[in-house]
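Understanding the architecture of this molecule
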Amino acid sequence: MKTDPKEYDAVIVGSGPNGLSAGVRLAQEGLKVIILEAKSTIGGGTRTQELTEPGFLHDVCSAVHPTAAGSPFFKTLDLQKFGLEFIHPDIPYVHPLDNGDAVAAFRSIERTAEQLGIDGKAYLKIFKEFTENWDYLSEDIFGTLRIPKHPLLMARFGWYGLFSAKHFTNSLFKDPQTKALFAGCAAHSIIPLSKAFTSSFGLVLGSSAHAVGWPFAKGGSSAITNALAELFKSLSGEIITDHEVNSMADIPTSKTVIFDLTPHQIAKIAGDKLPGKYKEKLLTYTYGPGVFKIDWALSEPVPWENEHSRKAGTLHLGGTFQEIATSEQAAWKGEHHEKPYVLVAQPSIFDKSRAPNGKHTLWAYCHVPNGSEKDMTEFIENQIERFAPGFRDTIISKNTMHTREMQTYNSNYIGGDINGGAQISTQLFGRPVLKWDPYKIPADGLYICSSSTPPGGGVHGMSGYHAAESVLKNEFGFNS
Ligand SMILES: Cc1cc2nc3c(=O)[nH]c(=O)nc-3n(C[C@H](O)[C@H](O)[C@H](O)COP(=O)(O)OP(=O)(O)OC[C@H]3O[C@@H](n4cnc5c(N)ncnc54)[C@H](O)[C@@H]3O)c2cc1C
């Protein structure tokens, strides 16, 4: 009998950090792999472009890389050899407050705790263990659903992490400054701070600042995926750009297909092959709030009032815990808040390659309702002016993107959701569907590897790595 010679062992749809990581892992084992990318350049949420003026290099999506620096998979790859260099700002992140004050997360946990006064001891007690044991912790939090490799550490992490950020801060901290510092990290979850598990985001990001830092990639975030792509090609992997997959017919014959896409896209492309119940779950998967993003070209550094703010890579703007909680609640409820929580990054202060001599780039976004087309420029700039009076005078030009423009830029950002789905408790471990192996789609040879699988959003490549491990085990009989 004539067998069907498959052209590839694996086709990966999408070249984000997870698609590329899946590709690298499979190619490491000698499989014949091709990556198909809809856009003319690779990288998904890591592209770097001249969005405003010639010579100003902006990170269109991700800019700050604690999860890349702390990724157990990236650590095993010699990405430096392929051009990746992390640049660490003097201070990982700062939380400006009114009256020119600010509270900073330094690389040193002790220095951070000293500044927290009455809460210093509690901060040290909680964060020191996770910081010092980061390598162990990251194996479990970036791992798959299984019995933890480090059960005692994970039990303590799980105990603190299952609370809402609101309950966590009210129980453990007294000073409004410490609560605000924690809120700035927890609000990266893009869900209300009163929801269960939001403290886990604050704990992971807070600990990572001390353990691995919050670096930039020299030259821009594209350096991360360019390095992954070069490594992939060195292992005989192929990449084709300008190849949008709209149906299974757009995919060359292959033993397996791995989607670096989110559930709704997969239901559209492979719907006919999926069991009805699974397809239904993909179609009812919940996406979270979107983002409104601004990139500026500046004539000089932002005139932050506070000295620490001028030395930080990332800033969380929004003032008190309550202000941030109110703004996040509003985006979740479908409202636009006039004083939004704003994430700001200032890479050119530390990486001179980002802007012409003496000039600067600035990156910021705030959370808005899914699908919003509202222009948030004024509200975001007001928040920056609040902590850096005179900021508007430094603007040369700017580029803005509302949620629909985000989705046009990258069709994984459904309604502007940058995490591949809301990171609510039901979708934290069981994304996209609660299964022991969430990477395996219940159809012949189909898999999902995007941030819509555990461990979720961020440039860490771990979803891609785990999906590849599942492919190796289920389809090729590898046992790692
Ligand atoms: C504004 C913004 C700021 C962010 N900030 C940070 C940050 O500072 N730090 C951080 O760690 N993370 C950040 N993130 C999140 C991070 O970028 C994502 O979590 C990460 O990129 C997800 O990787 P992925 O591989 O799952 O998907 P993506 O990076 O989204 O890649 C998916 C790829 O698939 C392609 N594709 C889509 N549909 C098709 C199709 N039909 N056919 C072929 N190809 C297709 C897309 O073009 C894209 O290249 C940010 C995201 C945004 C948007």
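The name given to the chain in an unreviewed UniProt entry is Pyridine nucleotide-disulfide oxidoreductase domain-containing protein 2, with the source organism recorded as Gracilimonas halophila. Quoted verbatim from the Function (unreviewed entry) field of the UniProt record, the comment on the chain reads "Probable oxidoreductase that may play a role as regulator of mitochondrial function."

1. Describing the overall build of the chain
From N to C terminus, the chain includes 18 helices and 16 strands. Here the C-alpha radius of gyration of the chain, 22 Å, is about what a compact globule of 480 residues would show, namely 23 Å. If you line up the chain on its principal axes, its C-alpha atoms span 80 × 50 × 45 Å. Split into buried and exposed, the 480 residues of the chain put 60% on the buried side. Intrachain contacts of the chain at a sequence separation of at least 6 include 74% that bridge at least 24 residues. Surface exposure of the chain reaches about 18,400 Å², of which carbon and sulfur atoms provide 51%. Taking the average location of the 45 positive side-chain charges in the chain and that of its 51 negative ones, the two points are 5 Å from each other.

2. So, the environment of Val 24
Considering the arrangement of structural elements, one finds Val 24 in helix H1 (residues 17-28). Note: C-alpha distance between Val 24 and Val 344 (320 residues apart in sequence) is 32 Å. Residue contacts for Val 24: discarding those within four places in its chain leaves Phe 73, Leu 77, Leu 228, Leu 231, Phe 232 and Leu 235.

3. Some points on the UniProt feature "domain: Amine oxidase" (unreviewed entry) in the chain
Feature annotation in UniProt places "domain: Amine oxidase" (unreviewed entry) on residues 19-472, given in this structure's numbering. Along residues 19-472, the helical share is 36% and the strand share 15%, with 15 Å between the first and last C-alpha atoms.

4. Quick look at the environment of Tyr 160
Residue position: Tyr 160 is located in helix H7 (residues 151-161). Residues Tyr 160 and Ser 200, 40 residues apart in the sequence, show an inter-C-alpha distance of 7.2 Å. Leave out the neighbours within four places in its chain, and Tyr 160 touches Lys 125, Ile 126, Phe 130, Phe 168, Leu 172, Ser 199 and Leu 203.

5. Section: the pattern of salt bridges
Summed over all chains, the structure comprises 18 salt bridges. Put simply, Glu 323 and Arg 386 hold a salt bridge, and the shortest N to O gap is 3.1 Å. One end of the pair, Glu 323, is in helix H15 (residues 321-333); the other, Arg 386, is in helix H16 (residues 377-387), and 63 residues separate them in sequence. Overlapping salt bridges, with partners in common, bring together Arg 25, Glu 29 and Glu 469 in one network.

6. Looking at the packing of aromatic side chains
Scanning the model with the defined rule gives 15 aromatic pairs in all. Between the aromatic rings of Phe 168 and Phe 173, the centroid separation amounts to 5.9 Å while the plane-to-plane angle is 80°, which identifies the pairing as edge-to-face. For Phe 168, a relative accessible area of 1% gives the class buried. The exposure class assigned to Phe 173 is buried, which follows from its relative accessible area of 2%. Chaining the aromatic ring pairs together yields one cluster made of Tyr 123, Phe 127, Phe 130, Phe 157, Tyr 160, Phe 168, Phe 173 and Phe 182.

7. Section: the environment of Lys 149
Structurally, the position occupied by Lys 149 is in the loop between helix H6 (134-141) and H7. Through-space distance from the C-alpha of Lys 149 to that of Pro 176 is 36 Å; in sequence the pair is 27 residues apart. Those residues in contact with Lys 149, other than ones at most four positions away along the chain, are Glu 139 and Asp 140. Among the polar contacts made by the side chain of Lys 149, one reaches the side chain of Glu 139 at a distance of 3.1 Å.

8. Some thoughts on the sheet that holds strand S16 (residues 446-448)
Strand order in this open sheet of 5 strands is S9-S2-S1-S10-S16, and the pairing throughout is parallel. Strands with a single pairing partner mark the edges of an open sheet, and in this sheet they are strand S9 (238-240) and S16. The mean inter-strand angle of the sheet, taken between neighbouring strand axes irrespective of direction, is 20°. Summarising the sheet, strand S1 (residues 8-13) and strand S10 (residues 254-259) pair through 5 bridges and their orientation is parallel.

9. Looking at the domain arrangement of the chain
Under the domain assignment, the chain is made up of domain 1 (8-84 + 218-285 + 423-476) and domain 2 (88-216 + 288-409). Taking only C-alpha atoms into account, the centre of domain 1 sits 25 Å from that of domain 2. Taken together, the contacts link 42 residues of domain 1 with 47 residues of domain 2. Summed over both partners, the interface of domain 1 with domain 2 buries about 3,400 Å², with 65% contributed by carbon and sulfur atoms. Area buried by domain 1 at its contact with domain 2 is led by Phe 56, Val 64 and Gln 423, which between them contribute 16% of it. Summed over the shared surface of domain 1 and domain 2, the number is 2 salt bridges. Residues Arg 354 and Asp 59 are paired through a salt bridge, measuring 3.1 Å at the closest nitrogen-oxygen approach. The interface formed by domain 1 and domain 2 contains 14 residue pairs in polar contact (both at pLDDT 80 or more). Elements represented by at least two residues in the side of domain 1 that touches domain 2 include exactly strand S4 (58-59), helix H2 (66-69), helix H3 (72-75) and helix H18 (462-476). Take the side of domain 1 that touches domain 2: its biggest share by element is 3 residues, from H2.

10. Focus on a nonpolar patch on the surface
Side chains of Leu 145, Phe 429, Leu 434 and Trp 436 sit close together on the surface and give an oily, nonpolar patch of about 480 Å² of accessible area. Turning to its location among the elements, Leu 145 is positioned in the loop between H6 and H7. Under the relative-accessibility criterion, Leu 145 is labelled partly exposed at 32%.

11. Brief notes about H15
Given 3.6 residues per helical turn, the α-helix brings residues three or four places apart onto the same face. Along its 13 residues, H15 runs 18 Å from first to last C-alpha, staying within 8% of the 18 Å computed at 1.5 Å per residue. All of the buried residues in H15 are Phe 321, Ile 324, Ala 325, Ser 327, Glu 328, Ala 330 and Ala 331. Lining the buried residues of H15 we find strand S6 (91-96), helix H8 (165-172), helix H9 (176-186) and strand S14 (360-368). Looking at the residues trailing H15, positive phi occurs at Gly 334, about 90°.

Cut-offs and rules
Residues numbered from 1 in each chain as written. Predicted model: local features only at pLDDT ≥ 70, side-chain atom pairs only at ≥ 80, totals over all residues. Heavy atoms only, no water. UniProt positions renumbered as here; feature names shortened; annotations may be inferred. Helix = DSSP H or I, 4+ residues; strand = E, 2+ residues; numbered from the N terminus. Rg over C-alpha atoms; globule rule 2.2 N^0.38 Å. Buried < 20%, exposed > 50% of the residue type's maximum accessible area, 1.4 Å probe, protein only. Contact = heavy atoms within 4.5 Å. Areas by Shrake-Rupley, 256 points an atom, 1.4 Å probe, with all protein chains shown as cover. Lys, Arg positive; Asp, Glu negative; His and termini not counted. Charge placed at Lys NZ, Arg CZ, Asp CG, Glu CD. Salt bridge = Lys/Arg side-chain N within 4 Å of Asp/Glu carboxyl O. Phe/Tyr/Trp six-rings, centres within 6.5 Å; stacked < 30°, edge-to-face > 60°. Polar contact = N/O pair within 3.5 Å; in protein donor to acceptor, adjacent residues only side chain to side chain. Pairing = 2+ DSSP bridges. Axes fitted to C-alpha atoms, helices over the stretch in contact; angles between N-to-C directions. Domains from an automatic or database assignment. Buried area = accessible area lost by both parts, 1.4 Å probe. Patch = residues over 30% accessible without salt bridge, like charges linked within 9 Å, V, L, I, M, F, W, Y side chains within 5 Å. Expected span 1.5 Å × (residues − 1).

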